[in-house]
2 protein chains.
Amino acid sequence: MKFKNGLLVFSVMVLLLSCKEQNSSEIQNIETVAVMPEQEASLIFTKGNKITNNNFVGTAYVSMLISVDSLNHTYVGNVTFEPGARTNWHSHPSGQIILVVDGEGYYQEKGSPKRVLQKGDAVKCPPNLPHWHGASSDSEFIQLAISSSENGPTEWLEPVTEEEYNANN
Amino acid sequence: MKFKNGLLVFSVMVLLLSCKEQNSSEIQNIETVAVMPEQEASLIFTKGNKITNNNFVGTAYVSMLISVDSLNHTYVGNVTFEPGARTNWHSHPSGQIILVVDGEGYYQEKGSPKRVLQKGDAVKCPPNLPHWHGASSDSEFIQLAISSSENGPTEWLEPVTEEEYNANN
C-alpha cells in the first residue's frame, strides 16, 4: 500500500464529509485509501482509490464519478478489479446497473449460473437480489456501477467461495 | 440514410413495444432508424441507431443499454454525436447524468456558460434545468446518458442557436 499524496487522502475525506446526511450511507460504505493511479492516461475514467474495506476480496479501486445530493439519488462509481478480485455477495435495495468498460469479469445472481462479462456488456440487477461481480482470474475488469440511495444502503453479505468463483457452469 | 438490415428495424420496434406502459414515455421520445454501425469493433458500447426525430440537430446515434421496467426506473443510453451534432434544449424531471466515453463536446445549462467536455468527464444536471449537449464542431462526441423515468418524460424545448453553439465564453 503506497501513500504518495496526502492531498488525495484529504480530498477523499472532503468528498465523504460533503455528502448530504440523508444520502451518505452508500458512499460511506466504501472505505478507500488514496493511491496515485499509474498509467491512468490510457483509461477513460479515473481509477480512484484502493478499496480497503472487507466487502471486497483481492485488490480493487473505486472512483466516485457521481455522488448523491439532495436532488439526485443516483450515484456512479468506476470500479477497477485486478485479476481475481471480486465483491462479496451483496444486494441493492434499488437494484444496480453494471456497464463494462474494459477487461473480462464475472457476474452472478443468487440462484443463477455465473456469467462472463466483456467490454461493452450492460447488466441490470433487480432490487434486493443478492449478487457478486469481479474480475476473471487472468484479466483486469473495469466497470461502472450505477445505483440509487433512495431505498437505503447496500446490504453486504458473505464472501464468494472459491467454488463459486471458479465454477464452470 | 442507409437501410441495411430490416431485422434491426424490427428489433427496434420490439424494443419500443416491450416497454412497460408506465415507463414507456422516455424510450418512445427517441425515434430511430436502423443503421448498421461501421467500425464498431473499436468502440466500447454499441453505436446503435441513427436518431431521426426533431429533438436533435445534425447526425447522432443512440443505443439503449439499459431500459426501464416495472422494478427499475433508470435508463442508460449510449449517444454518439458526429461533429456539430447536438440536442435541442431540454430538461429531465429526474435530472440527468452524462459520462463522456470519447471525443470532445459541449454542455450548457440555461443561464450558465457553455462547458467543454472531454473523455472521462462526468456531469450531474439537476432536475428540470434546461440544458443541451453535443459534439464540438471538429470532434465526434460519445457519451452515456443516465436518467430516470420516475417523475415523467423529458421535456423538449427549442433548438440551440448557432450563436449559443459557437459561443466562446
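One can find the structure itself at the top, above this paragraph.
Reading the values: the criteria
- Residues numbered from 1 in each chain as written.
- Chains lettered and ligands numbered in written order.
- Predicted model: local features only at pLDDT ≥ 70, side-chain atom pairs only at ≥ 80, totals over all residues.
- Heavy atoms only, no water.
- Helix = DSSP H or I, 4+ residues; strand = E, 2+ residues; numbered from the N terminus.
- Buried < 20%, exposed > 50% of the residue type's maximum accessible area, 1.4 Å probe, protein only.
- Contact = heavy atoms within 4.5 Å.
- Areas by Shrake-Rupley, 256 points an atom, 1.4 Å probe, with all protein chains shown as cover.
- 1 Å grid on protein atoms, 1.4 Å probe; cavity = no way out; pocket = protein on both sides within 12 Å on 5 of 7 lines; lining within 4 Å.
- Points joined across faces, edges and corners; volume = space filled by probe spheres on them.
- Salt bridge = Lys/Arg side-chain N within 4 Å of Asp/Glu carboxyl O.
- Nonpolar A, V, L, I, M, F, W, Y, C, P; charged D, E, K, R; others polar.

Caption draft 1: Region of interest: the overall build of chain A. Helix and strand counts for chain A stand at three helices and 13 strands. By the burial criterion, 49% of the 169 residues in chain A qualify as buried. Taking contacts inside chain A between residues at least 6 apart in sequence as the whole, the part at least 24 apart equals 66%. Put simply, chain A shows about 7,800 Å² of open surface, and 50% of that area lies on carbon and sulfur atoms.

Caption draft 2: Layout of the layout of surface pockets. Of the volumes computed, that of the largest pocket is approximately 550 Å³. Looking at the largest pocket, it is lined by 34 residues, and the ones nearest its centre are T74, S148 and E150 of chain A together with S148 and E150 of chain B. Mapped by element, the contributors of at least two residues to the lining of the largest pocket are β8 (96–109), β10 (122–125) and β12 (141–148) of chain A together with β8 (96–109), β10 (122–125) and β12 (141–148) of chain B.

Caption draft 3: How the structure looks around the interface of chain A and chain B. Of the residues lining the interface, 26 residues belong to chain A; the matching set on chain B comes to 26 residues. Among the ionic pairs, K124 of chain B bridges to D69 of chain A, the shortest N-O distance being 3.0 Å. Those elements giving two or more residues to the side of chain A that touches chain B turn out to be β4 (60–66), β5 (74–81), β8, β10 and β12 of chain A. It is β8 of chain A that contributes the most residues to the side of chain A that touches chain B, four residues altogether. Here the side of chain A that touches chain B is built from residues that sort into 17 nonpolar, four polar and five charged.

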